[in-house]
Amino acid sequence: MKKVNWMVVIAGAFVGVAALVLTLLGNPANMGFCIACFLRDIAGGIGLHSAEKVQYIRPEIIGLVLGACIMALAKGEFRAKAGSSPATRFVLGAFVMIGALAFLGCPLRMVLRLGGGDLNALIGMLGFALGIFVGVQFLKRGFSLRRNYTMGRPEGGILPALMVGLLILFLAVPTLFHLSETGPGSQHASFWIALGLALVAGALAQRARLCMAGGIRDSIMFQDFKLLYGFIAIFLVALIGNLAFGTFKLGFELQPIAHSSHLWNALGMVLVGWGSVLLGGCPLRQLILAGEGNGDSAITVFGMIAGAAFAHNFGLAGNADSLNEAGELVVGGISSAGKVAVLLGIAVLLVISILNMPQKEKAVQKN
Amino acid sequence: MAVKVDARGFTCPMPVAMVQKEVKKNAPDALVVLVDDRCAVENVTRFGRSMGYKVAIEQQDETFCLTLEKA
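Residues numbered from 1 in each chain as written. Chains lettered and ligands numbered in written order. Predicted model: local features only at pLDDT ≥ 70, side-chain atom pairs only at ≥ 80, totals over all residues. Heavy atoms only, no water.

Q: Give a detailed account of the overall build of chain A, specifying residues and quantitative values.
A: Secondary structure assignment for chain A yields 16 helices and four strands. Rg of the C-alpha trace for chain A: 19 Å, near the compact-globule value of 21 Å for 367 residues, within the 12% margin. For the C-alpha atoms alone, the extent of chain A along its principal axes is close to 70 × 50 × 40 Å. Across the 367 residues of chain A, 59% fall into the buried class. Across chain A, every contact between residues at least 6 apart in sequence was considered, and the portion connecting residues at least 24 apart equals 80%. Split by element, the accessible area of chain A, about 14000 Å² in all, is 69% carbon and sulfur. One way to put it: in chain A the 26 positive side-chain charges average out to a point 14 Å from where the 16 negative ones average out. (Helix = DSSP H or I, 4+ residues; strand = E, 2+ residues; numbered from the N terminus. Rg over C-alpha atoms; globule rule 2.2 N^0.38 Å. Buried < 20%, exposed > 50% of the residue type's maximum accessible area, 1.4 Å probe, protein only. Contact = heavy atoms within 4.5 Å. Areas by Shrake-Rupley, 256 points an atom, 1.4 Å probe, with all protein chains shown as cover. Lys, Arg positive; Asp, Glu negative; His and termini not counted. Charge placed at Lys NZ, Arg CZ, Asp CG, Glu CD.)

Right, here's the structure in full:
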């Protein structure tokens, strides 16, 4: 029996509890936290896409980045670093977002959906694990986005500073932003409670190195289960909470903001899992690393925001299951354009994976 | 003589993957691993211990020097 890392369990449990509280206070069901959905809402809020139902300045994102930043500064772990294939990371971030929005959630929401009884998330998790497995095969064979370099402190502070700016602007001049009046974007907990909970969650996630992809990745690569305990803690807390509050609903069809198009749930999450391994962490981890001063992760977050804008401007994102006027089930899913985008994303990841293998570099050195 | 792995500038999981590759390939009695990331220090330490190495950590400015020796 491996030793349990309690910091990860505490961080995971807190994220699970905070997600439940935020859902009870107004966030959409099974969406106490969702990095993909919330970055998408912010993209809409600042006018990068015009999907009227998903536009809001989510304080959860601001809180996670700033909580990690404050904790990193307090612990002397804030390091401004960048230069590890930033353009590639931007593209990877964009496709991870397209995959997540095809599934309708990031890996964190996938775990929360599982805790709510949404079996589509189980299909998504199979795809996620498969994507991680494929990514690990490239890592084992030497895939690398190359070294990063020490930068001046301001470079490391870019994303935290932008988050502070966004916070001040939203509070001072909210009319600047597009804010949903109906749909998921209109459903949110009180701004200050969400910000406060996310600040603590960000700080704990920084200490615990919480990562939804890292748990499965490290289990496969090193038989290291540390991060998996965080994943399991979030699931158990969400499960117990949903059972206690009567919001647990087991099944595939008509789950909250979810579709039961199995193949595309799985393939969307293949894209997320594989991309997250190449990037060195899931969307949540990218926010936390950016808060610690990692400019490459900040670029990845910008890529994810751009990916969200693409997803909604070109109709690539998933549509939830619904009932028609006759009360019949209409299975949601993604459009033909969305399917092409997910397959294109998988092809792009394959090309990036192959082109960043070490053999080519060695061959050049021999010449 | 200790095998040296310079994983400075790499973020997780790369430093552990580099150490793992070296351990699998050559099974050295001792390794010196250079990293500049606290998360990498924790992960390489945990991996080294799981592989039966004793791990000593020294910090010089922003570089951590981990010495792994077979216990």
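Q: Go over helix α2 (residues 38–50) of chain B with me, naming the residues and quoting the values.
A: A turn of α-helix holds 3.6 residues, and therefore any two residues three or four places apart point the same way. Look at α2(B): 19 Å from first C-alpha to last across 13 residues, which is about the 18 Å you get at 1.5 Å a residue. When α2(B) is considered as a whole, its buried residues turn out to be Cys39(B), Ala40(B), Val41(B), Asn43(B), Val44(B), Thr45(B), Phe47(B) and Gly48(B). Buried-residue contacts for α2(B) involve α10 (212–222) and α13 (283–291) of chain A together with α1 (14–26), β2 (30–35), β3 (53–60) and β4 (63–70) of chain B. Just beyond α2(B), the residue with positive phi is Gly52(B), at close to 90°. (Expected span 1.5 Å × (residues − 1).)

Q: I'd like a rundown of the pattern of salt bridges, residues and numbers included.
A: Overall, the coordinates contain 14 salt bridges over all chains when judged by the stated rule. Residue Arg8(B) is joined to Asp6(B) by a salt bridge in which the shortest nitrogen-to-oxygen separation is 3.0 Å. Owing to a relative accessible area of 32%, Arg8(B) belongs among the partly exposed residues under this scheme. Residues joined by salt bridges that share partners form a network here, namely Glu77(A), Arg207(A), Arg209(A), Lys226(A) and Glu42(B). (Salt bridge = Lys/Arg side-chain N within 4 Å of Asp/Glu carboxyl O.)

Q: An account of a nonpolar patch on the surface is needed here, citing residue identities and associated values.
A: Side chains of Val17(A), Val21(A), Leu24(A), Leu25(A), Ile193(A) and Phe245(A) sit close together on the surface and give an oily, nonpolar patch of about 500 Å² of accessible area. When residues of the nonpolar patch are assigned to their parent elements, the largest contribution, three residues, is made by helix α1 (residues 6–24) of chain A. (Patch = residues over 30% accessible without salt bridge, like charges linked within 9 Å, V, L, I, M, F, W, Y side chains within 5 Å.)

Q: Could you give an account of the packing of aromatic side chains, naming the residues involved and the relevant values?
A: The geometry of an aromatic ring pair comes down to the distance between the two centres and the angle between the two planes. Residues and elements named next belong to chain A. In the structure shown here, the tally under the stated rule is seven aromatic pairs over all chains. Here the aromatic rings of phenylalanine 138 and tryptophan 274 are separated by 6.0 Å at their centres, their planes lie at 10°, and the arrangement is stacked. Separated by 136 residues along the polypeptide, phenylalanine 138 in helix α6 (residues 120–140) and tryptophan 274 in helix α12 (residues 262–279) bring together distant segments of the chain. You can call phenylalanine 138 buried: its relative accessible area is 15%. Summarising the aromatic geometry, the rings of phenylalanine 170 and phenylalanine 177 are spaced 5.7 Å apart at their centres and angled 70° between planes, so their arrangement reads as edge-to-face. Exposure class is identical for phenylalanine 170 and phenylalanine 177. Each is buried. (Phe/Tyr/Trp six-rings, centres within 6.5 Å; stacked < 30°, edge-to-face > 60°.)

Q: Please set out the interface of chain A and chain B residue by residue, giving values where relevant.
A: Contact with chain A, which involves 20 residues of that partner, is made by 21 residues of chain B. It is Arg79(A), Arg147(A) and Phe222(A) in chain A that bury the most area against chain B; as a group they hold 30% of the surface buried on that side. Remark: the boundary between chain A and chain B carries six salt bridges. Note that Glu42(B) is salt-bridged to Arg209(A), the shortest N-O span being 2.6 Å. Viewed at the interface, chain B and chain A are joined by seven residue pairs in polar contact (both at pLDDT 80 or more). The leading source of residues in the side of chain A that touches chain B is α10(A), at four residues. (Buried area = accessible area lost by both parts, 1.4 Å probe. Polar contact = N/O pair within 3.5 Å; in protein donor to acceptor, adjacent residues only side chain to side chain.)

Purely geometric numbers; function is a separate question.
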